[in-house]
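# Structural features, examined
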Amino acid sequence: MDTTAAVVEPAAEADLIASLPADFRWGVATSAYQIEGAYDQDGRGPSIWDTYCRTPGMVEGGDNGDVACDHYHRMPADVALIKSLGVDVYRFSVAWPRVQPGGRGPANPLGLGFYDRLVDELLGKGVDPWVTLYHWDLPQELEDAGGWPARDTAYRFADYAMLVFDALQDRVRTWTTLNEPWCSAMLGYHEGRQAPGRQDFPAAMEAVHHLLLGHGLAVRRMRAAASTPVELGITLNMGTSMPATQSTADQEATRRADGLGVRIYLDPLLRGQYPGDIVDDLSVRGVKLPVVDGDLQIIGEPIDVLGVNYYSSHLVSGVDSAGRTEDAEGNPVQSTVRMGRPVTAMDWEIVPEGFTDLLVRLSRDYPGMPMVITENGAAFDDEADPSGYVADVDRTAYLSAHIAAVAAARARGADVRGYFAWSLMDNFEWSYGYAKRFGLVHVDYETLVRTPKQSALWYRDTIRRARAH
Ligand code: IFM
């Protein structure tokens, strides 16, 4: 790690990055199921992802998180690696099925013990821990009882959150309740492309509401129990949706995309109500959000920080490739149209200015809410040399352009206070298995040896420079 990364980002990007303040928080992020492995150790119970991975055809290559990066057994060395990148803060998630193997009842001390040690290890190295309570690994028993479409799951989540909060709040300042509830609800219960793999749109809308309710219940209880100042928040994945043309169909499709992707979360969280146009759209489809009196007050519990995960932006059309405006069920079409930009290995178009636009728009539409970029990064088809080193010029360029986009948003008034690169190291990319690599650090899945890529060295140098001015 002594090599200086030989990357010179375009001058304009370098100038923008240099404008970030010295107290800007720099970090790297991971999640439990994607890196930990040790899937049946120390009393961990099965989660929906263990089940999904064992369902033939669901995950590329039949991969699973049984071993992943084996972080569970290599944690102290991984923390040393994090430290070597020079970051201020490390965002990780706690595995609910380690803490409560069946999703209810008392804490499993061995499961909690792992996070207790992780927090101490980080603090001992001068790195702040940032805890995400839920990054998609619902205990299977709770899914069997109805999963997120069931109201009870929200209450189970708040109970679990308190077990973790009580154990770690003396050392952890920043807490994110949920990571990307859009993915849990839409990919998990509507599209079936993630665990638990259901395809039921009304159930997905029930999941949206109960995820938000679980967030609010947890925030209310954590705030009441906090014995030192804490920062509480939630992380949403968002992009900028733009109409492919100025036609009414495309503008309407864009409104719906933004409504179901952004506003259905942020409006109840920050404005105390669901967006009326989306509630109307749902009712045309015979779907209702299962709101009970008092829920919106709970969901709207004040938060301190909004986590923003950004990867790409989209042109949206109300017409599909066959020229139809309605799908087979008679619902209006909402399709994405290529902008003709370069793509990452996920086939996601690279649109850094959509990031700036998103952050400026969020600060305009939801004023007064500090933001931190809790994820941003890119998968590319890395080729490691015999030593394991990857000269990932493409990822480095992506990071440079996107950090500059954050700085540009700040210059336009967006209150963004930190940035986490996704991800610390290559890991289990959900339905794509190990085929997609997002890491700043290369992982050899045969030997599990970690090797910092060029992007890791560039990131370390960038942080150093940002602190120096
Ligand atoms: O790997 C995921 C992460 O778990 C959630 N946000 C998006 C990343 C890349 O797909």
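Quantities reported herein were computed from a predicted structural model and do not represent experimental measurements. (Residues numbered from 1 in each chain as written. Predicted model: local features only at pLDDT ≥ 70, side-chain atom pairs only at ≥ 80, totals over all residues. Heavy atoms only, no water.)

### Here's the deal with the overall build of the chain
- Of regular secondary structure, the chain possesses 16 helices and 13 strands.
- Since a compact globule built from 469 residues should have a radius of gyration of about 23 Å, the 21 Å found for the chain is in line with a globular shape.
- With respect to the principal axes defined by its C-alpha atoms, the chain has extents near 60 × 50 × 45 Å.
- Buried residues in the chain amount to 59% of all 469 residues.
- Accessible surface computed for the chain: about 17300 Å², of which carbon and sulfur atoms make up 53%.
- Positive and negative side-chain charges of the chain, numbering 42 and 65 respectively, have mean locations separated by a distance of 4 Å. (Helix = DSSP H or I, 4+ residues; strand = E, 2+ residues; numbered from the N terminus. Rg over C-alpha atoms; globule rule 2.2 N^0.38 Å. Buried < 20%, exposed > 50% of the residue type's maximum accessible area, 1.4 Å probe, protein only. Areas by Shrake-Rupley, 256 points an atom, 1.4 Å probe, with all protein chains shown as cover. Lys, Arg positive; Asp, Glu negative; His and termini not counted. Charge placed at Lys NZ, Arg CZ, Asp CG, Glu CD.)

### Section: the side chain of Asn309
- Relative to the elements of secondary structure, Asn309 occurs in strand S7 (residues 305–309).
- Accessibility expressed as a relative area gives 0% for Asn309, which makes it buried.
- Only 2.8 Å separates the side chain of Asn309 from the side chain of Glu180, close enough to count as a polar contact. (Polar contact = N/O pair within 3.5 Å; in protein donor to acceptor, adjacent residues only side chain to side chain.)

### Structural notes on helix H11 (residues 248–271)
- With 24 residues, H11 extends only 27 Å from end C-alpha to end C-alpha; this falls clearly short of the ideal 34 Å at 1.5 Å per step.
- A bend of about 50° at Arg263 is the largest found in H11.
- Of the residues one or two after H11, Gly272 is the one with positive phi, at around 75°. (Expected span 1.5 Å × (residues − 1). Bend = angle between axes of the 7 residues up to and from the residue.)

### Thoughts on the sheet that holds strand S11 (residues 416–422)
- Strand order in the closed barrel formed by eight strands is S1-S2-S3-S4-S5-S7-S10-S11, with parallel pairing between adjacent strands. Averaged over all neighbouring strand pairs, the angle between strand axes comes to 25°, with direction disregarded.
- Where strand S1 (residues 25–29) lies against strand S2 (residues 89–93), three bridges are found, and the strand directions are parallel. Bridge pairing in S2 places Ala29 opposite Arg91.
- Of the strands in this sheet, strand S3 (128–134), strand S4 (174–179) and strand S5 (231–237) touch helix H9 (residues 181–190), which is tilted by about 40° from S5. (Pairing = 2+ DSSP bridges. Axes fitted to C-alpha atoms, helices over the stretch in contact; angles between N-to-C directions. Contact = heavy atoms within 4.5 Å.)

### Quick word on unusual backbone geometry
- Of the consecutive residues Ala195 and Pro196, the connecting peptide bond is found in the cis state with omega at 5°.
- Residue Ser423 is bonded to the preceding Trp422 through a cis peptide linkage, with omega at 10°.
- With a phi angle near 55°, Asp42 is a residue other than glycine that sits in the positive phi range.
- On the secondary structure map, Asp42 appears in the loop between helix H2 (32–35) and helix H3 (48–53).
- Its identity is not glycine, yet Leu448 carries a phi of approximately 65°, on the positive side.
- Within the secondary structure, Leu448 sits in the loop between strand S12 (441–443) and strand S13 (450–452).
- Exposure remark for Leu448: the relative accessible area of 10% places this residue in the buried category.

### Let's talk about the nonpolar core
- By size, the foremost hydrophobic cluster in this structure holds 146 residues, and its most contacted members are Trp49, Trp175, Met205 and Tyr459.
- In terms of residues, this core owes the most to one element, helix H10 (residues 201–225), which gives twelve residues.
- Other than its neighbours up to four places away in sequence, Met205 contacts Met186, Leu260, Ile264, Leu282, Val287, Leu289 and Pro290. (Core = buried A, V, L, I, M, F, W, Y, C linked by side-chain atoms within 4.5 Å.)

### A look at the packing of aromatic side chains
- Here the structure, examined in full by the defined rule, presents 32 aromatic pairs.
- Centre to centre, the rings of Trp96 and Tyr160 are 4.7 Å apart; their planes meet at 10°, and the pair counts as stacked. Here the residue Trp96 occupies a position in helix H5 (residues 96–99), and Tyr160 occupies one in helix H8 (residues 152–168), the gap between them amounting to 64 residues.
- Taking the relative accessible area as the measure of exposure, Trp96 reaches 0% and is therefore buried.
- Measuring from centroid to centroid gives 6.3 Å for Tyr134 and Phe157, while their planes differ by 75°, and the two rings are edge-to-face. On the criterion of sequence distance, the pair formed by Tyr134 in strand S3 and Phe157 in helix H8 is long-range, its members being 23 residues apart. In this pair, the class of Tyr134 matches that of Phe157, namely buried.
- One aromatic cluster in this structure is built from Tyr33, Trp49, Tyr52, Trp136, Phe428, Trp430, Tyr434 and Tyr445. (Phe/Tyr/Trp six-rings, centres within 6.5 Å; stacked < 30°, edge-to-face > 60°.)

### Regarding the pattern of salt bridges
- Taken as a whole and assessed by the stated rule, the structure comprises 43 salt bridges.
- In this structure, Arg255 and Glu252 form a salt bridge, with 2.9 Å as the shortest nitrogen-oxygen distance. One end of the pair, Arg255, and the other, Glu252, are both in helix H11, three residues apart, so they sit about a helical turn from each other.
- A relative accessible area of 21% places Arg255 in the partly exposed class.
- Taking relative accessible area as the criterion, Glu252 reaches 33% and is therefore assigned partly exposed.
- For Arg395, the salt bridge identified is with Asp392, shortest N-O distance 2.8 Å. (Salt bridge = Lys/Arg side-chain N within 4 Å of Asp/Glu carboxyl O.)

### Thoughts on the site of the ligand
- Contacts to the ligand come from Gln34, His135, Trp136, Asn179, Glu180, Tyr311, Trp348, Glu375, Trp422, Glu429, Trp430 and Phe438.
- In this structure, Gln34 approaches the ligand through a side-chain N or O atom, which is 2.7 Å from an oxygen atom.
- Coverage of the ligand by the protein chains reaches 95% of its 280 Å² of free accessible surface.
- Of the residues contributing to the shell around the ligand, the split by class is six nonpolar, three polar and three charged. (Near = heavy atom within 4 Å. Nonpolar A, V, L, I, M, F, W, Y, C, P; charged D, E, K, R; others polar.)

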